[in-house]
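Listed below, chain by chain, are the residues.
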Amino acid sequence: MNPPPSEPQHWHDLPHAPAPGTALGAWAAVEDGQALLQELPPPAGAAGPGFRYLLLRSGNDVKAYVNRCAHFGVPLAARQELLMFVPHTSLTCNVHYARYRWSDGACAGGECDGVGLLPIPVLVDAEGHICIAPGP
Ligand code: FES
């Protein structure tokens, strides 16, 4: 299933996408094997939800993905306690159970064949903040 041309291809195509350098969280707040739902508020005066994303940690490696299922464009889960994941392995949308690989967000089964989660490039700065890295 390839996304239609109107579908976002990159994290920065999403409404209210933050600028590179934006802090997405603290490295120390993400336990090893944890996947956290996070959201940045919309800009002042803007309507709608903010920028929803996921932070994942495997050992010293931290990844971020847009919290947006490639099937219907909705969040994988609306609340942390509803997020389904197998630590270090996969995340599953709780609407129709599309499954995505932890390591790169690619589809690993279900209603997402050929598409995946949109990765957000991140780095951990000297103060331990997980920040959006420069670049695509
Ligand atoms: S909306 Fe996620 S699998 Fe359908």
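The rules behind the values
- Residues numbered from 1 in each chain as written.
- Predicted model: local features only at pLDDT ≥ 70, side-chain atom pairs only at ≥ 80, totals over all residues.
- Helix = DSSP H or I, 4+ residues; strand = E, 2+ residues; numbered from the N terminus.
- Rg over C-alpha atoms; globule rule 2.2 N^0.38 Å.
- Pairing = 2+ DSSP bridges.
- Axes fitted to C-alpha atoms, helices over the stretch in contact; angles between N-to-C directions.
- Buried ≥ 20, exposed ≤ 12 C-beta atoms within 10 Å, placed from the backbone.
- Contact = placed C-beta atoms within 7 Å.
- Core = buried A, V, L, I, M, F, W, Y, C linked by C-beta atoms within 7 Å.

Q: Explain the overall build of the chain to me, using residue names and the numbers behind them.
A: A count of helical and extended segments in the chain gives 0 helices and 11 strands. In the chain, the succession of α and β elements from N to C terminus is β-β-β-β-β-β-β-β-β-β-β. The C-alpha radius of gyration of the chain comes to 14 Å, within 12% of the 14 Å expected for a compact globule of 136 residues. For the chain, the spread of C-alpha atoms along the principal axes amounts to about 40 × 35 × 30 Å.

Q: Which residues make up the sheet that holds strand β1 (residues 23-26), and what values do they have?
A: Taken together, 3 strands build an open sheet; the order of strands is β1-β11-β10 and the sheet is antiparallel. At either margin of the open sheet sits one strand with a lone partner, and together these are β1 and β10 (122-124). Across this sheet, the average inter-strand angle for adjacent strands is 25 degrees, counted without regard to direction. As judged from the 3 bridges shared by β10 and strand β11 (residues 129-132), these two strands associate in the antiparallel manner.

Q: How would you summarise the environment of V74 if you had to cite specific residues and measurements?
A: Within the secondary structure, V74 is located in the loop between β4 (61-66) and β5 (84-86). Judged by the 15 C-beta atoms lying within 10 Å of it, V74 falls in the partly exposed class. Ignoring sequence-local partners within four residues, the contact set of V74 consists of C69 and V95.

Q: An account of the nonpolar core is requested, with residue identities and associated values reported.
A: Among the nonpolar cores identified, the biggest contains 30 residues, and L24, Y53, L54, A64, Y65, V66 and I120 are the most heavily contacted of them. Residue assignment for this core shows that the elements contributing at least two residues are β3 (51-58), β4 and β11.

Q: I'd like to hear about the pairing of β11, residue by residue, with values.
A: Residues I130 and I132 point to one face of β11 and are all buried, whereas H129 and C131, pointing to the other face, are not buried. As defined by bridge partners, β1 adjoins β11 across 3 bridges and the pair is classed as antiparallel. When the bridges of β11 are listed, A23 appears paired with C131. Where β10 hands over to β11, the hairpin turn is made up of 4 residues, of which G128 adopts a positive phi near 85 degrees.

Q: Give me the lowdown on the environment of Y53, citing residues and values where you can.
A: For Y53, the location among the structural elements is in strand β3. Setting aside its immediate chain neighbours within four residues, Y53 contacts L24, Q38, A64, Y65, V66, N67 and I120.

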